[in-house]
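# Tertiary structure, described
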Amino acid sequence: MTVESTAARTPRRSASTKSTAGKRTTAKKGAGAAQGTEPQLVQLLTPEGKRVKNAEYDKYVAAITPEELRGLYRDMVLTRRFDAEATALQRQGELGLWASLLGQEAAQIGSGRALRDDDYVFPTYREHGVAWCRGVDPTNLLGMFRGVNNGGWDPNGNNFHLYTIVIGSQTLHATGYAMGIAKDGADSAVIAYFGDGASSQGDVAESFTFSAVYNAPVVFFCQNNQWAISEPTEKQTRVPLYQRAQGFGFPGVRVDGNDVLACLAVTKWALERARGGEGPTLVEAYTYRMGAHTTSDDPSRYRGDEERLAWEAKDPILRLRRYLEASNHADEAFFAELETESETLGRRVREAVRAMPDPDHFAIFENVYADGHALVDEERAQFAAYQASFADGQGD
Ligand SMILES: Cc1ncc(C[n+]2csc(CCOP(=O)(O)OP(=O)(O)O)c2C)c(N)n1
Ligand SMILES: [Mg+2]
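Position numbers for residues count from 1 along each chain, tracking the sequence in the order it is written. Here every chain gets a letter starting at A, and every ligand a number starting at 1, in the order they are written. Totals for whole chains, interfaces and linings use every residue, but because this is a predicted model, local features are given only for residues with pLDDT of at least 70 and side-chain atom pairs only at 80 or more, for both listing and counting.

When its secondary structure is counted, the protein chain shows 14 helices and nine strands. In this scheme the burial state of a residue depends on its C-beta neighbours within 10 Å: 20 or more other such atoms mean buried, 12 or fewer mean exposed, and anything in between means partly exposed; the C-beta positions come from the backbone. Taking all 396 residues of the protein chain together, 41% fall into the buried category. This entry defines residue contacts through backbone-placed C-beta atoms, with two residues in contact when those atoms are within 7 Å. Long-range contacts, defined as pairs at least 24 residues apart, comprise 76% of the intrachain contacts of the protein chain with a sequence gap of at least 6. Secondary structure counts use DSSP, requiring at least four H or I residues in a row for a helix and at least two E residues in a row for a strand, with both numbered from the N terminus.

The structure is reproduced here in structure tokens:
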């Protein structure tokens, strides 16, 4: 991954642009600056784990039971454990690359648990927590990152599409899919995940336009984790991302992306709108990418520790733990059992990755064109000759 050279030297909070008069103007932090409005943030759990009331969204989590709260906590802990294991496996040479979700557990588990089984998810490459909620076996996420398959799960098995690397393109797929299910008369909904960086893509703007005018039952779930590799959000937008929706004619809401309850409530609301024929919604989950962009990235080249430390204090898992403890919804035995379960998951993931069979050497040439292609045939022949040049004829 490349690093934008100036970003490595420029303090990130001083994004500036040239005005038409040629004078340099500084973009005020957080958006709203351009419209003179302070961004609103939906929060139900403070970083200290205190439950705060919210007239609009409380009803979406009012019936939640202590068991369900523990379930959300378990989902986040196991997802983080899986993610840490995958990062370690990449460091040990078992995976070619890994894109960590560290810090984004609440955004993903909250929104993922708001979905119904018959809803359809279009993820990016970082939605390991959503995959968990959909019931995709976590080990299946690792095949592509090990380079042994092109995806590793059947998208229709869990209504969870394959990971998408082409930034923003899945928002168009989601919009088309949503338009399709609306024509079928289904009352299910579609959710498209994308990042703050993706919000600058033309594909995303086009999907906003189409979904709005066709009133498509789609939720656009943007995880604003403050960075697009080395580019800060200030370089993507002069208004808070959620406010962009207004210009397309549908509502946008910014939710505390480190608050699993708020993410659950706001996503439920947005899905309800979609099911009720009210069209698309943009949810901006305001969160933070605690780790590197991927294991190929070194964030110390473009951002300081203070920022990460400030976000660590808002950790999504810690705040729910504080709430569970303060409200006596979980005891020590629960946390201890979960610790054991986490270690078991880590071991299972390690063993599964190491046991993944290598693909056939020639599999890479399949599934490129349905009817074959002269260039692919030529490359296959070249590769065959190369393989044959080894003593064992295998090239291993
Ligand atoms: C169309 C396209 N352009 C560029 C890239 C290279 N690229 C990979 S990830 C990334 C940044 C994406 O940032 P964001 O949307 O904020 O998602 P995040 O990685 O932070 O989750 C870029 C530019 C790509 N994969 N696809
Ligand atoms: Mg981002």
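Further notes follow.
pLDDT is a residue-level measure of predictor confidence that goes from 0 to 100. In the predicted model, the protein chain carries a mean pLDDT of 91, and the fraction of residues at 70 or more is 90%. Looking at the elements of the protein chain, mean pLDDT is at its lowest for helix α1 (residues 5-9), recorded as 33, and at its highest for helix α3 (residues 105-112), recorded as 99. Overall, residues 1-36 carries pLDDT values under 50, and its contacts beyond four positions in sequence, including any with other chains, amount to 53 contacts.

A few words on the sheet that holds strand β8 (residues 252-256). The strand order β3-β4-β5-β9-β8 describes an open sheet built from five strands, whose pairing is parallel. Unpaired on one side and paired on the other, β3 (120-122) and β8 mark the two borders of the sheet. Strand-to-strand twist in this sheet, taken as the mean axis angle between neighbours without regard to direction, amounts to 20 degrees. When DSSP locates at least two bridges between a pair of strands, those strands are taken to pair. Looking at chain direction, β8 and strand β9 (residues 281-286) are connected through five bridges and run parallel. Bridge pairing links G252 to L282 in β9. Interaxial angles span 0 to 180 degrees and are taken between N-to-C directions of axes, which are lines fitted to C-alpha atoms, for helices over the stretch in contact.

For each residue, a C-beta position is placed from the backbone atoms; the residue is near a molecule or strand when that point lies within 6 Å of it. Near ligand 1 you find 14 residues, and of these I167, G195, G197, A198 and A228 are the closest. When the residues that make up the shell around ligand 1 are grouped by side-chain class, the tally is seven nonpolar, four polar and three charged. When residues are sorted by character, Ala, Val, Leu, Ile, Met, Phe, Trp, Tyr, Cys and Pro go into the nonpolar class, Asp, Glu, Lys and Arg into the charged class, and all the rest, Gly among them, into the polar class.

Right, let's talk about the nonpolar core for a bit. Joined through C-beta atoms within 7 Å, a set of buried Ala, Val, Leu, Ile, Met, Phe, Trp, Tyr and Cys residues constitutes a nonpolar core. By size, the foremost hydrophobic cluster in this structure holds 84 residues, and its most contacted members are V190, A192, V219, A262, A265, V266 and V283. Here the element with the most residues in this core is helix α10 (residues 260-275); it accounts for eleven residues. Those residues in contact with A192 that lie beyond four places of it in its chain are F122, Q170, T171, A174, V218, F220 and F221.

This part covers unusual backbone geometry. Positive phi, close to 75 degrees, is recorded for Q226, a residue that is not glycine. Along the chain, the position of Q226 falls in the loop between β5 (218-224) and β6 (227-228). The class of Q226 is buried, set by 20 C-beta atoms lying within 10 Å. At N367, a residue that is not glycine, the phi angle is positive and equals roughly 60 degrees. Among the secondary structure elements, N367 is positioned in the loop between α13 (332-354) and α14 (374-388). The class for N367 is exposed, based on 8 C-beta atoms found within 10 Å.

A word on the packing of helix α7 (residues 169-184) against helix α8 (residues 202-213). At a minimum axis separation of 7 Å, α7 and α8 run at an interaxial angle of 15 degrees. Judged by the angle between their axes, α7 and α8 are roughly parallel. Handedness of the crossing formed by α7 with α8: left-handed. The residues of α8 that touch α7, namely those facing S169, T171, L172, A174, T175 and A178, are D203, V204, E206, S207, F210 and S211. Tallied by class, residues from the contact of α7 with α8 come to five nonpolar, five polar and two charged. Angles are sorted into four bins: roughly parallel if under 35 degrees, roughly antiparallel if over 145, roughly perpendicular if 65 to 115, and oblique for all others. We call a crossing left-handed when the near helix sits turned anticlockwise from the far one by less than a right angle, and right-handed when that turn is clockwise.

A word on the pairing of β9. Each regular strand displays side chains that alternate between the two surfaces of the sheet. In terms of burial, β9 is a largely internal element, six of the six residues being buried. The alternating pattern of β9 places T281, V283 and A285 on one face and L282, E284 and Y286 on the opposite face, and all of these are buried.

Another point: the pairing of strand β4 (residues 190-195). Counted residue by residue, β4 has six buried out of six residues, so it is predominantly covered. Burial of the side chains of β4 extends over both faces: V190, A192 and F194 are buried on one face and I191, Y193 and G195 on the other. The pairing of β3 with β4 spans three bridges and is parallel. In the sheet register, Y120 faces β4, and the bridge partner there is V190. What joins β4 to β5 is α8, and the crossover it makes is right-handed. By definition, the crossover connecting two strands over a helix is right-handed if that path, from the first strand to the second, turns clockwise as seen with the strands pointing away from the viewer.

Attention now goes to the environment of D154. Tracing the backbone shows D154 in the loop between α5 (142-146) and α6 (155-158). Residue D154 is classed as exposed on the basis of its C-beta count, with 11 C-beta atoms lying within 10 Å. Between the C-alpha atom of D154 and that of N140, which follows or precedes it by 14 residues, the distance is 9.9 Å.

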